[in-house]
Amino acid sequence: MRRGLSKLAVVLVAVAALCPAMTALCPLTTAEAADTTGGNGITWGPCEEDPAIECGTLTVPVDWSKPYGDTIDLALARRRATDPSARIGSLLTNPGGPGGSGVNDVLRAPGFSEEIRRRFDVVGYDPRGVARSNAVVCSASVYNRMPDPIMKSQADYDRWIAYNRTLRADCRQRTGPVYDHVDSVNVARDMDAIRAALGESRLTSYGVSYGTLAQQMYAELFPRRVRAMVLDSNMDHSLGVRAFQETEAAGVEDAFDEFVAWCDRDASCALNGRDVRQVWQGLIAKAQRGELYYPGVTDRPLSAHNLLWLGVVLNEGPAWQLLAQVILALDGGPVPSDLPPPPGNGPVGGELAELPTAILCEDHDLSVRSYAEYERLLRGANRLAPDMRYNPMPMGDMPICQGHPVNNPQHRLRYTGTAPLLLANSLHDPDTPYTWSANAARQLGPRAVLLTYEGWGHGVYGMTECTTKAMDDYLISLTVPSRGLRCPATDDGGRR
């Protein structure tokens, strides 16, 4: 973090980011807005990891309401369009998380079809508070004192409240002022600064999972600056804490049901012929007794909470073959050669630990007033998810958010732009339930179109030719799919 923008540049970038909310300050045309950082505010150079890819930084205010204050440098990476003569512009991408690095995504693989890479510069960025963009960090010694993520009494609730005061003070001291400004509204304003610095009059973007929330905020704040926006596997920012946890529980249970149904009908499943639910419940009971160990890990038992993570991460692809093999291994069977790392979070070594959960806490009011209220939430989730119990991702994050200031509380979306928006989701998504994208599409109004993938997994771009072509056609030529388009699942799901 540093100071460094000239006063003029700071004012212009800040005004561009605050419009159209401050209409009195916004007589700019979109072309003029694109020049607010001179079109060259990003310092580009070859990436250290891959010189064929460009890496750069863009300086933005820590607090957009105080443009003369502290600044941070946002990290970006760019793959240039492979056919400059056919280039349309820049495609800004956000991989979600919270905590996902857009720079790493661009460095790892193109991620998009050949035609998208031919027509667009693909630009990834690390959102503020993530990775190279002033990550939220805490002392590992404090982080490793985190209580059990599932509370069982009022004493546990009180312990979390006290611990959170210590954790936040430490993380704020370690991270700096940006700690209090990592919500998705601030990220949306950063997106507009990136758009302007790239020289684009309007934004073309793709976001997946948590990355859709920053896009939704962008559509609300800057409706006239949207060219095309793909929102893949959406957050539903209108949900209170109870609806948030219960829809997540129902979604992860639905994904587990699909896995069980596949295993029952497919002889290639390692658990075919057995009662999968019974095996799973037996593992949960063993974990609750502290008697379950992940293959190759002998120094600590696998908790029931971390066991549930298998039902999330191995349903995201989905990777049903591997999920069945891992469950069998935990039940005493052979260990698969491609065994994934132990699920869940273990102790962190070194001096610092990253805490992207702070982003979630600033975007969602997940507070409860007592253990009794928390227990009612947990019971509601258990009722909807008899096998998975709850989704361990949001349920495990919720205690960290107790007492945390919320900058961007939940609200219904309002989009007043004329550019169409394309939303997409699979029917059986363990992370962002289909109902979330359906609700977000309704809130965004008649300009929003929802593409349904009638299959499984999280993130539907690249899932099938149908889903990919619909998104590519929209990004390239602004051709919106017919309303109600449903892309059929092209295989049984378990072999991916």
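Just so you know, these numbers come straight off a predicted model, no measurement behind them. (Residues numbered from 1 in each chain as written. Predicted model: local features only at pLDDT ≥ 70, side-chain atom pairs only at ≥ 80, totals over all residues. Heavy atoms only, no water.)

**Q** Whenever I open this one, the packing of aromatic side chains confuses me. Can you help?
**A** In this description, a pair of aromatic rings is defined by centroid distance and the angle of the planes. Summed over all chains, the structure comprises 12 aromatic pairs. Measuring from ring centre to ring centre gives 5.4 Å for F112 and Y206, while their planes differ by 90 degrees; the resulting arrangement is edge-to-face. Residue F112 is found in the loop between α3 (102-108) and α4 (114-119), and its partner Y206 is found in strand β7 (residues 203-208); the two are separated by 94 residues along the sequence. Owing to a relative accessible area of 11%, F112 belongs among the buried residues under this scheme. Look at Y206 and you get buried, because its relative accessible area is 10%. (Phe/Tyr/Trp six-rings, centres within 6.5 Å; stacked < 30°, edge-to-face > 60°. Helix = DSSP H or I, 4+ residues; strand = E, 2+ residues; numbered from the N terminus. Buried < 20%, exposed > 50% of the residue type's maximum accessible area, 1.4 Å probe, protein only.)

**Q** What is the right way to read the packing of helix α9 (residues 241-265) against helix α10 (residues 276-288) from this model?
**A** Relative orientation and spacing of two packed helices are given, respectively, by the angle between their axes and the distance between those axes. Where α9 contacts α10, the axes come no closer than 10 Å and their chain directions differ by 125 degrees. Between α9 and α10, the angle is such that the two are oblique. Of α10, the residues touching α9 (which contributes E253, F256, D257, F259, V260, C263 and D264) are V276, R277 and W280. By residue class, the composition of the contact of α9 with α10 is six nonpolar, no polar and four charged. (Axes fitted to C-alpha atoms, helices over the stretch in contact; angles between N-to-C directions. Parallel < 35°, antiparallel > 145°, perpendicular 65-115°, else oblique. Contact = heavy atoms within 4.5 Å. Nonpolar A, V, L, I, M, F, W, Y, C, P; charged D, E, K, R; others polar.)

**Q** Help me out: how do you make sense of the pairing of strand β2 (residues 54-61) in this one?
**A** Successive side chains on a regular strand alternate, one facing one side of the sheet and the next facing the other. The buried count for β2 comes to seven of eight residues, which makes it a mostly enclosed element. Sheet topology note: the strand β1 (residues 43-46)/β2 ladder contains four bridges and is antiparallel. When the sheet's bridge partners are listed, G45 is paired in β2 with C55. Judged from the eight bridges that link them, β2 and strand β3 (residues 71-79) form a sheet pairing that is antiparallel. Directly across from E54, in β3, lies its bridge partner R78. (Pairing = 2+ DSSP bridges.)

**Q** Can you help me understand the state of the cysteines in this one?
**A** Disulfides are covalent bonds that link the sulfur atoms of two cysteine residues. For the coordinates displayed, the defined rule picks out five disulfides. Residue pairing for C138: its cysteine sulfur links by disulfide to C171, the two sulfurs lying 2.0 Å apart. Of note, the bridge from C138 to C171 carries an S-S torsion of about 105 degrees and is right-handed in sense. Placement of C138 in strand β6 (residues 137-139) and of C171 in helix α6 (residues 154-175) is noted, with a sequence separation of 33 residues between them. Take C138 and C171: they sit in the same class, and that class is buried. Note on cysteine connectivity: C361 is disulfide-linked to C401, with sulfurs 2.1 Å apart. On the S-S bond that ties C361 to C401, the torsion sits near -85 degrees, and the link is left-handed. Here the residue C361 occupies a position in helix α13 (residues 357-363), and C401 occupies one in helix α15 (residues 392-401), the gap between them amounting to 40 residues. In terms of burial, C361 and C401 fall into one category: buried. (Disulfide = S-S within 2.5 Å.)

**Q** Just to check I follow, could you spell out the pairing of β3 for this structure?
**A** Among the nine residues of β3, seven are classified as buried, and the element is accordingly described as predominantly covered. Pairing geometry for β3 and strand β5 (residues 120-125), over four bridges, is antiparallel. Bridge pairing links R78 to V123 in β5.

**Q** For this particular structure, what's the right way to read the packing of α9 against helix α12 (residues 320-330)?
**A** The interhelical angle for the contact between α9 and α12, taken along N-to-C directions, is 85 degrees, at an axis separation of 11 Å. Considering their axes alone, α9 and α12 lie roughly perpendicular with respect to each other. Across from E258, F259 and W262 in α9, the residues of α12 making contact are W320, Q321, L323, A324 and I327. Here the contact of α9 with α12 is composed, by residue class, of six nonpolar, one polar and one charged.

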